[in-house]
Structure formats: structure tokens, C-alpha cells
Amino acid sequence: MKGDAVRGHLDALLLAALEQGPLHGYAIITAVQKRSGGVLELRTGTMYPALNRLERLGLLRSDWQSAGERRRRCYELTDAGRRALGEERTAWRELTAAIGAVLDPSPAPGPAT
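Looking at an unreviewed UniProt entry, one finds the protein named PadR family transcriptional regulator, with Streptomyces sparsogenes DSM 40356 as its source organism.

What follows is the structure in C-alpha cells.
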């Protein structure tokens, strides 16, 4: 899917991917791709700066974990991140309802006869 489709919603996608628990970067990419049925593909060059920004804002925390010989940074939601995710979901529902009303309007009820 075009990158423009994700723009503006990246934070919400990252927060939602981390809702079930801590994940490392590649697992976040995989989670978003799987949950979107393969439609959404995050690029590392877009995702990691966003993760760093969300961490600076206090919505995520991260730590280094070892996986065999490799070390990888794992991210998880903070309480503020969970609240932000709830706000993002509310805003998304309102936006999609408004866009849906424009793109696929219901027939206006006719006068009662």
C-alpha cells in the first residue's frame, strides 16, 4: 500500500502493535503486516524514528534484550501510551465515520406518507 496511506496514522499503528506486549522492531513490522492482512508494510527507515519519538514523548519505553548471540531493542507501551492509543482509536472512529458519510452516503429518509 502507498506510504501516503500510513502517513498520519503511524503512531496509532505502532501503539496498537505493542498493545499485547513488548516487541522488537522486526516483530512490530510483522505484527502490523499480519494484522492488516499484508496490506500495510512499515519501512524501518520510517518506523525507528517514530519509535524513538514516541519513547521521547513517554508513550513507549524500551530496553535491550538478548536473543541468543544477538541483542535487540524491545519496545512496550507505558500507561501514557495506552491512554494515547485509546485517544487515537476514538479519533480514528470519528474520522472514518465522517469520511464514510461523504463517500458512501445513506439515502436520506423520504417524507412520511
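Q: Teacher, can you tell me more about the overall build of the protein here?
A: Summing up its helical and strand segments, the protein has 5 helices and 3 strands in all. In the protein, the succession of α and β elements from N to C terminus is α-α-β-α-α-β-β-α. Considering the protein as a whole, with its 113 residues, one finds that 29% of them fall into the buried category. The long-range share in the protein, meaning contacts at least 24 apart out of those at least 6 apart in sequence, stands at 47%. Roughly 8000 Å² of accessible area belongs to the protein as shown, and the carbon and sulfur atoms make up 53% of that amount.

Q: When you look at the side chain of H24 in this model, what are you seeing that I'm missing?
A: Here H24 shows up in strand β1 (residues 23-24). Those residues in contact with H24 that sit more than four places away from it in its chain are R72, R73 and C74.

Q: Please clarify how helix α4 (residues 44-56) should be interpreted in this entry.
A: It helps to recall that an α-helix has 3.6 residues per turn; residues three or four apart then point in one direction. Taking 1.5 Å per residue, 13 residues should reach 18 Å; α4 reaches 18 Å between its end C-alpha atoms and fits that length. Within α4 the residues assigned to the buried category are M47, A50, L51 and L54. Each buried residue of α4 lies within a common arc of 105° when the element is viewed along its axis, so the set occupies one face. Summarising the geometry of α4, the exposed residues directed more than 90 degrees from the buried face are G45 and R56. As for α4, its buried residues are in contact with α2 (10-17), α3 (25-35), β2 (60-67) and β3 (70-77). Remark: G58 follows α4 within two positions and exhibits a positive phi of approximately 85°.

The rules behind each value
Residues numbered from 1 in each chain as written. Predicted model: local features only at pLDDT ≥ 70, side-chain atom pairs only at ≥ 80, totals over all residues. Heavy atoms only, no water. Helix = DSSP H or I, 4+ residues; strand = E, 2+ residues; numbered from the N terminus. Buried < 20%, exposed > 50% of the residue type's maximum accessible area, 1.4 Å probe, protein only. Contact = heavy atoms within 4.5 Å. Areas by Shrake-Rupley, 256 points an atom, 1.4 Å probe, with all protein chains shown as cover. Expected span 1.5 Å × (residues − 1). Arc of directions from axis to C-beta.

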